[in-house]
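What follows is each chain in one-letter form.
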Amino acid sequence: MPKNPTPEQRMAWHAGHAANCPCRAMPAGVIRLFVDRGLPVPDQLALHKTADRKG
Ligand SMILES: [Zn+2]
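Residues numbered from 1 in each chain as written. Predicted model: local features only at pLDDT ≥ 70, side-chain atom pairs only at ≥ 80, totals over all residues. Heavy atoms only, no water.

Asks: For the coordination of the zinc ion, give the residues involved together with the corresponding values.
Replies: For the zinc ion, the full set of protein donor atoms is His-17 (NE2), Cys-21 (SG) and Cys-23 (SG), and the range of their distances to it is 2.0 to 2.2 Å. Each donor residue of the zinc ion belongs to the same chain, with the gaps between them written as H-x3-C-x1-C. (Donors = N, O, S within 2.8 Å, 3.2 Å for Na, K, Ca; no water.)

What follows is the structure in structure tokens.
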């Protein structure tokens, strides 16, 4: 992630991270970026902890 990411960069990074890593849920501020744009909030592995974990 760049030092001063744009909202679009944060959304892209967190979407990729949430889909591949269950270490933490997406921050509320990032979720709001999707909601504000009328975009679907990405699925999050962190919310499916019973699925196979990748550390
Ligand atoms: Zn992670």
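Asks: For the pattern of salt bridges, give the residues involved together with the corresponding values.
Replies: A full pass over the atoms with the stated rule returns 1 salt bridge. For the salt bridge of Glu-8 with Arg-37, the shortest nitrogen-to-oxygen distance reads 3.2 Å. Residue Glu-8 is found in helix α1 (residues 7–20), and its partner Arg-37 is found in the segment after α2 (28–36); the two are separated by 29 residues along the sequence. (Salt bridge = Lys/Arg side-chain N within 4 Å of Asp/Glu carboxyl O. Helix = DSSP H or I, 4+ residues; strand = E, 2+ residues; numbered from the N terminus.)

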